[in-house]
Amino acid sequence: MQTALFIFVSVLLIGVILFVSNSQRKKKQEKQDVLDLDFSKEWKSILNSKVLFYRNLNKEDKELFERQLLRFLSDKNIEAVDTTIDDTVRLMVASSAVIPTFAFPNFNYPSVRTVLIYPGSFDEDFNTVKHKNHQQFITGMVGNKGLKGTVILSKPDLLAAYNGSRSKHNVGIHEFVHLLDGTDGDIDGVPERLLENSYVGSWLFEIKEEMEAVMNRKSDINPYGLTNNAEFLAVVSEYFFSSPKNFKKKHPDLYKYMVDIFDQEL
Ligand SMILES: [Zn+2]
């Protein structure tokens with residue numbers, strides 16, 4: 001009797017192990033299938049028409065960029081809140097994530113699970129509908145407290161970042177740079193993971209000098225960067241990736257730091 005029970009339990013156990021490993025393999029295969037998908041012509045043409053960064057890549061790097069987009073899209077949920085989303089919105093979200101981390105192909109924002117797309121800018125209480133005494137001025141946010149693992153982006157502002165009308169602003173890149181900055185534990189404008197230790201002091205000095213120029217109205221950097229070092233890094237990163245040539249010409253020193261931080265020469 002005991003032997004029969006032993007055999008029964010063993011068979012059951014083997015069954016469970018096989019089932020778990022099979023479903024894990026299936027999951028892995030599904031993920032691989034997404035990565036193996038051919039990047040559609042429509043998607044390529046959306047990127048070519050809207051994403052300057054992609055347009056400037058050579059054929060090989062374009063393929064790398066596409067694979068990184070697919071990985072981001074297969075890993076993260078992109079959800080619409082009181083609005084609709086289509087492939088263009090999805091591709092603009094993923095491009096915003098991949099552009100700053102293109103030189104770090106193993107990095108896929110481990111802290112992010114969901115990107116919420118709002119119908120417009122919002123206030124501190126996440127209201128997008130205007131009402132008395134409330135201003136809707138937030139266009140993007142990375143989750144903290146109850147929203148851990150979540151990024152919020154205003155759809156019209158995300159799309160405007162890629163329609164050629166805003167040469168220095170890109171809310172998507174702004175928020176994903178905060179997340180990259182925060183991978184060392186602090187969103188503080190000093191991405192320690194990327195900067196050699198010996199650079200931190202001179203980077204902080206550079207920020208201080210550039211902030212003074214902004215304060216004295218001798219700079220075309222968005223004054224929102226004066227808020228703190230983290231916002232300064234996010235704001236200059238938007239400019240660096242949106243208009244690299246102009247940025248290099250007007251801010252040669254800052255440009256060198258950006259090249260070091262993102263490991264990309266644009
Ligand atoms: Zn910010």
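Residues numbered from 1 in each chain as written. Predicted model: local features only at pLDDT ≥ 70, side-chain atom pairs only at ≥ 80, totals over all residues.

**As for the nonpolar core**
By size, the foremost hydrophobic cluster in this structure holds 55 residues, and its most contacted members are V93, A94, A97, V98, L153, V236 and M258. In this structure L153 touches V93, V115, I117, Y118, G140, L158, V171, G172 and E175, once residues within four positions along its chain are discounted. (Core = buried A, V, L, I, M, F, W, Y, C linked by C-beta atoms within 7 Å. Buried ≥ 20, exposed ≤ 12 C-beta atoms within 10 Å, placed from the backbone. Contact = placed C-beta atoms within 7 Å.)

**Focus on the environment of Q264**
Relative to the helices and strands, Q264 resides in the segment after α11 (252–262). The exposure class of Q264 is partly exposed, given the 18 C-beta atoms found within 10 Å. Residues Q264 and T101 lie 163 residues apart in sequence; the distance between their C-alpha atoms is 9.2 Å. For Q264, the residues in contact, after removing those within four places along its chain, are F102, A103 and V259. (Helix = DSSP H or I, 4+ residues; strand = E, 2+ residues; numbered from the N terminus.)

**Focus: the sheet that holds strand β1 (residues 77–80)**
Ordered by their spatial adjacency, four strands build an open sheet running β1-β2-β4-β3, and the pairing between neighbours is mixed. Among the strands making up the open sheet, the edge pair consists of β1 and β3 (140–142). Ignoring which end each strand starts from, the neighbouring axes of this sheet average 15 degrees apart. Of the strands in this sheet, β3 and β4 (150–154) touch helix α7 (residues 171–181), which is tilted by about 15 degrees from β3. (Pairing = 2+ DSSP bridges. Axes fitted to C-alpha atoms, helices over the stretch in contact; angles between N-to-C directions.)

**So, the pairing of β1**
As paired elements, β1 and strand β2 (residues 114–118) share four bridges and run parallel to each other. By the bridge assignment for β2, E79 is matched with L116.

**Re α7**
Counting buried positions along α7 gives eleven out of eleven residues, so the element sits mostly inside the fold. Taken residue by residue, α7 has V171, G172, I173, H174, E175, F176, V177, H178, L179, L180 and D181 as its buried positions. Elements that come into contact with the buried residues of α7 comprise α5 (87–101), β3, β4, α6 (155–160) and α9 (229–242).

**A few points about unusual backbone geometry**
Positive phi values are uncommon outside glycine, yet Y109 reaches one of about 50 degrees. Within the secondary structure, Y109 is located in the loop between α5 and β2. Judged by local crowding, Y109 falls into the buried class, with 20 C-beta atoms found within 10 Å. Positive phi, close to 65 degrees, is recorded for F126, a residue that is not glycine. Its location among the elements puts F126 in the loop between β2 and β3. On the basis of neighbour count, F126 is assigned to the partly exposed category, with 13 C-beta atoms found within 10 Å.

**Points about the environment of Q68**
Here Q68 shows up in helix α4 (residues 59–75). Owing to 22 C-beta atoms within 10 Å, Q68 belongs among the buried residues under this scheme. It is 8.9 Å that separates the C-alpha atoms of Q68 and S95, two residues lying 27 residues apart in sequence. Setting aside anything within four residues of it in sequence, one finds Q68 in contact with V98, F102 and P105.

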